[in-house]
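Each chain is listed here by its residues.
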Amino acid sequence: RNKRMDETNTEAQPLYNSSQSSYSSTSNPISTSTPTKLHRSASLSSTSSSSSSDPSTRDSSKFNSCPLESNPPTPPIDNTSTSSSSTSPLPKPRTPLPLSLYLVVLGVCMNAITAHMLYSFIGYMVYDLGVTDNKSSVGLYSGYLASAYFATQTLSSFFWGAFSDRFGRKPVVVISLFSDCVTLMALGFSWDYKWAIGCRAVGGLFNAIVPIAKAVVGDVTDETNKTKAFSLFGLSWSIGGLIG
């Protein structure tokens, strides 16, 4: 069988070489006259004939006769991603706080003074007003008087929030500070417990500076100074409560 296959390959090889030479002469006539091309075809024919005679080296000769492919070009490295990740954006400059915010913070401090100054004398005031002769009940009536301010302030905060959205923040701040002044003076001249309760209730009903101040902070600040503004708001309330 091997001998018959060798004879078949030997007979087919001249036909293959003649067809290759005819194809090269018709496609590129200039290449047929080049000695280098002729030498290369002669070497290929001799290699194929030797490989056909030796079956053990047939596969290796076919592999060696194949032209080697050139390595594909390496793609260029994109350094834009690494450069953008290594360089962080510069921080934004801090925006200075406006003067109107400091005025609102001062109003919050005054509101804290008004709300807390009653605690130092409320027991004596309730006892002097003659609400009860039992000293053990003075604490109960004092709690009613102190909580009237914050109870009405809680109920009216929703109304003042909608009012400020429609007519602005400034009118609400002015009304709150004016009601604090009037109701505090009226409380100081009160001669009856019911009158004192009414003064505290009206003062809280018209006072909405705390929720409005938070809305003002959100309106006049940005992401660079918002934290500082809210810290001033908490600081002013603490200072006002300490003074009161």
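Residues numbered from 1 in each chain as written. Predicted model: local features only at pLDDT ≥ 70, side-chain atom pairs only at ≥ 80, totals over all residues. Heavy atoms only, no water.

Trainee: For the overall build of the chain, give the residues involved together with the corresponding values.
Mentor: When helices and strands are counted, the chain shows 12 helices and zero strands. Each helix (α) and strand (β) of the chain, taken in turn from the N terminus, gives the series α-α-α-α-α-α-α-α-α-α-α-α. Residue burial in the chain is summarised as follows: out of 244 residues, 26% are buried. In the chain, the share of contacts with a sequence separation of at least 24, taken over all contacts with a separation of at least 6, comes to 74%. Surface exposure of the chain reaches about 16700 Å², of which carbon and sulfur atoms provide 65%. (Helix = DSSP H or I, 4+ residues; strand = E, 2+ residues; numbered from the N terminus. Buried < 20%, exposed > 50% of the residue type's maximum accessible area, 1.4 Å probe, protein only. Contact = heavy atoms within 4.5 Å. Areas by Shrake-Rupley, 256 points an atom, 1.4 Å probe, with all protein chains shown as cover.)

Trainee: Describe a nonpolar patch on the surface, with residues and values.
Mentor: Together, Ile 175, Val 202, Leu 205 and Phe 206 make up a nonpolar patch on the protein surface, roughly 290 Å² of accessible area in all. Here Val 202 is to be found in helix 10 (residues 193-205). (Patch = residues over 30% accessible without salt bridge, like charges linked within 9 Å, V, L, I, M, F, W, Y side chains within 5 Å. Salt bridge = Lys/Arg side-chain N within 4 Å of Asp/Glu carboxyl O.)

Trainee: Go over the side chain of Thr 152, please, and point to the residues and values.
Mentor: Position of Thr 152 relative to the elements: it lies in helix 8 (residues 138-167). Of the polar contacts made by the side chain of Thr 152, one reaches the backbone oxygen of Ala 148; its length is 3.0 Å. At 2.9 Å, the side chain of Thr 152 and the backbone oxygen of Ala 201 are in polar contact. Residues in contact with Thr 152, not counting those within four places in the same chain, are Arg 200, Ala 201, Gly 204 and Leu 205. (Polar contact = N/O pair within 3.5 Å; in protein donor to acceptor, adjacent residues only side chain to side chain.)

Trainee: Give a description of the confidence of the model for the chain that names residues and reports values.
Mentor: Residues of the chain with pLDDT of at least 70 account for 63%, and the chain-wide mean is 73. Considering only residues more than four positions removed or in separate chains, one finds that residues 19-39, a stretch of pLDDT under 50, has six contacts. Low pLDDT, under 50, characterises residues 81-85; the stretch is placed with zero contacts to residues that sit more than four places away or in other chains. (pLDDT = per-residue confidence, 0-100.)

Trainee: Before we move on, could you go through the layout of surface pockets and cite the residues and values that matter?
Mentor: Take a probe with the size of a water molecule and roll it over the atoms, and the empty space left behind shows itself. Estimated volume of the second largest pocket: approximately 170 Å³. In terms of lining residues, the second largest pocket is bounded by Ser 100, Leu 103, Val 104, Arg 169, Lys 170, Val 173, Val 174, Val 216 and Val 220. At the level of secondary structure, the elements contributing two or more residues to the lining of the second largest pocket comprise helix 6 (99-116), helix 9 (169-188) and helix 11 (209-220). When the residues that make up the lining of the second largest pocket are grouped by side-chain class, the tally is six nonpolar, one polar and two charged. (1 Å grid on protein atoms, 1.4 Å probe; cavity = no way out; pocket = protein on both sides within 12 Å on 5 of 7 lines; lining within 4 Å. Points joined across faces, edges and corners; volume = space filled by probe spheres on them. Nonpolar A, V, L, I, M, F, W, Y, C, P; charged D, E, K, R; others polar.)

Trainee: Give me the lowdown on the packing of aromatic side chains, citing residues and values where you can.
Mentor: All chains considered together, the criterion is met by nine aromatic pairs. With centroids separated by 5.5 Å and ring planes inclined at 80°, the aromatic side chains of Trp 160 and Phe 163 adopt a geometry described as edge-to-face. Residue Trp 160 and its partner Phe 163 are located together in helix 8, separated by three residues, close to a single helical turn. Measuring from centroid to centroid gives 4.7 Å for Phe 163 and Phe 167, while their planes differ by 35°, and the two rings are tilted. Here the residue Phe 163 and the residue Phe 167 both occupy positions in helix 8, the gap between them amounting to four residues, near one helical turn. Classification of Phe 163 as partly exposed rests on a relative accessible area of 22%. Taken together through their ring pairs, the aromatic side chains of Phe 159, Trp 160, Phe 163, Phe 167 and Phe 206 make up a single cluster. (Phe/Tyr/Trp six-rings, centres within 6.5 Å; stacked < 30°, edge-to-face > 60°.)

Trainee: Any details on helix 6? Residues and values, ideally.
Mentor: Here helix 6 is 18 residues long and its end C-alpha atoms lie 26 Å apart, about the 26 Å a rise of 1.5 Å per residue gives. For helix 6, the full list of buried residues reads Leu 101, Val 104, Val 105, Gly 107, Val 108, Cys 109, Asn 111, Ala 112, Thr 114 and Ala 115. (Expected span 1.5 Å × (residues − 1).)

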